[in-house]
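Spelled out, the chains give:
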Amino acid sequence: MSTEIASGEQVWAAVAAERRSLAELLDGLTEQQWDRQSWCAGWRIRDVVAHILLTSRAGAGEILWELLRARGDLDRMSFATAVRYANRRSSEALLAELRAVIELRHTPVGTTALDRLMDLLVHGQDIAVPLGMRREMPVDAARWSVERVWRMGRPFRAQRVLAGHRLIATDTEWSAGVGAPLAAPIADILLLVTGRISVGDRAGSA
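The structure presented is a predicted model; accordingly, all values stated were derived computationally and were not measured. (Residues numbered from 1 in each chain as written. Predicted model: local features only at pLDDT ≥ 70, side-chain atom pairs only at ≥ 80, totals over all residues. Heavy atoms only, no water.)

1. Topic: the layout of surface pockets
Selection criterion: Within this scheme a cavity is a closed region of a 1 Å grid, computed over the protein atoms alone, that accommodates a 1.4 Å probe without allowing it to escape, whereas a pocket is open but has protein on both sides within 12 Å along at least five of seven lines; lining residues each have an atom within 4 Å of a point. Grid points are joined across faces, edges and corners, and a volume is the space filled by probe spheres set on the points. Every helix listed is a DSSP run of H or I at least four residues long, and every strand listed is a run of E at least two residues long, numbered separately from the N terminus. Ten residue types, Ala, Val, Leu, Ile, Met, Phe, Trp, Tyr, Cys and Pro, are classed as nonpolar, four, Asp, Glu, Lys and Arg, as charged, and the remainder, Gly among them, as polar.
Space inside the second largest pocket adds up to approximately 260 Å³. Every residue lining the second largest pocket is counted, 16 residues in all, and those nearest its centre are R134, R135, E136, A187 and D188. Listing elements by their share of the lining of the second largest pocket, those giving two or more residues are helix 8 (139-152) and helix 10 (186-193). With four residues, the single largest contributor to the lining of the second largest pocket is helix 10. Of the residues assigned to the lining of the second largest pocket, the class counts are nine nonpolar, one polar and six charged.

So, in structure tokens, the structure goes:
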């Protein structure tokens, strides 16, 4: 595992860069593309954008209220709040809101700046992949995010899901786990530990 620790300034700069580039990608979409199913099952692309906006600025009181509405189910809360938000706004309004929070440095209760970065990297793929677009992940940002996911447990439980494998990045200094070696670019490892791809999809044995 990499021993490098990213500074808060580095992480927030990466967050701003991801928001900015995502806004550029969304600016060219048609209404049909905004309504297309994302790579995240059951979520439209506009729902994913709404989720990014909500998690970028949610306050503790708002989160608690929405969690109560969802009867304590975090996944249900995330989906329901995103869909409601997206249904009440045009694609132009969602895009304008994303541009307005590019430089925002806010972490909802229980989260970190790295969570915002990881969310953007992964949800950026949730948007780009079904549209047939290639969206590159900055290597450093992906590495910081992988390490965050690997250590955090819930909701991905990467160490348990990938038990029996040693993950090895081929394009940066990062490795973790014990077992059969699994080598891949750090971007693919991030998609692997967040459940977007499986062991057999893109990662190759070393």
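2. A few points about the environment of R20
Our working rule: A contact between two residues is defined here by any heavy atoms of the two lying within 4.5 Å.
Note that R20 resides in helix 1 (residues 8-27). Residue contacts for R20: discarding those within four places in its chain leaves I102 and E103.

3. Notes on the pattern of salt bridges
Applied cut-off: Criterion for a salt bridge: a side-chain nitrogen of Lys or Arg within 4 Å of a carboxyl oxygen of Asp or Glu.
Within the structure shown, the criterion is met by 15 salt bridges. Residue D126 is joined to R196 by a salt bridge in which the shortest nitrogen-to-oxygen separation is 2.9 Å. Note that D126 is positioned in helix 7 (residues 113-128) and R196 in the loop between helix 10 and strand 4 (204-205), a separation of 70 residues in sequence. One salt-bridge network, in which partners are shared between bridges, spans E31, D35 and R46.

4. Remarks on the packing of helix 7 against helix 8
Let me state the cut-off plainly: Structural elements are reduced to axes, namely lines fitted to C-alpha atoms, with helices fitted over the stretch in contact, and the angle between N-to-C directions of any two is expressed from 0 to 180 degrees. Under this scheme an angle from 65 to 115 degrees is roughly perpendicular, one under 35 degrees roughly parallel, and one over 145 degrees roughly antiparallel; angles in between are oblique. Handedness of each helix crossing follows the sense of rotation of the near helix against the far helix: counterclockwise by less than a right angle gives left-handed, clockwise gives right-handed.
It is the contact of helix 7 with helix 8, at a shortest axis distance of 9 Å, that shows an interaxial angle of 110°. Taken as axis vectors, helix 7 and helix 8 run roughly perpendicular relative to one another. You can see that helix 7 and helix 8 cross each other, and the crossing is left-handed. Between helix 7 and helix 8, the residues in contact are L114, D115, L117, M118 and L121 and A141, A142, W144, S145, R148, V149 and M152, respectively.

5. Notes on empty space enclosed by the protein
A full pass over the atoms with the stated rule returns one cavity of 30 Å³ or more. Volume-wise, the largest cavity comes out at about 50 Å³. In this structure, the largest cavity is lined by R19, I52, T55, S56, R116, D119 and L120. For the lining of the largest cavity, the elements supplying multiple residues, two or more each, are helix 3 (45-57) and helix 7.

Distances and angles like these do not, on their own, reveal function.
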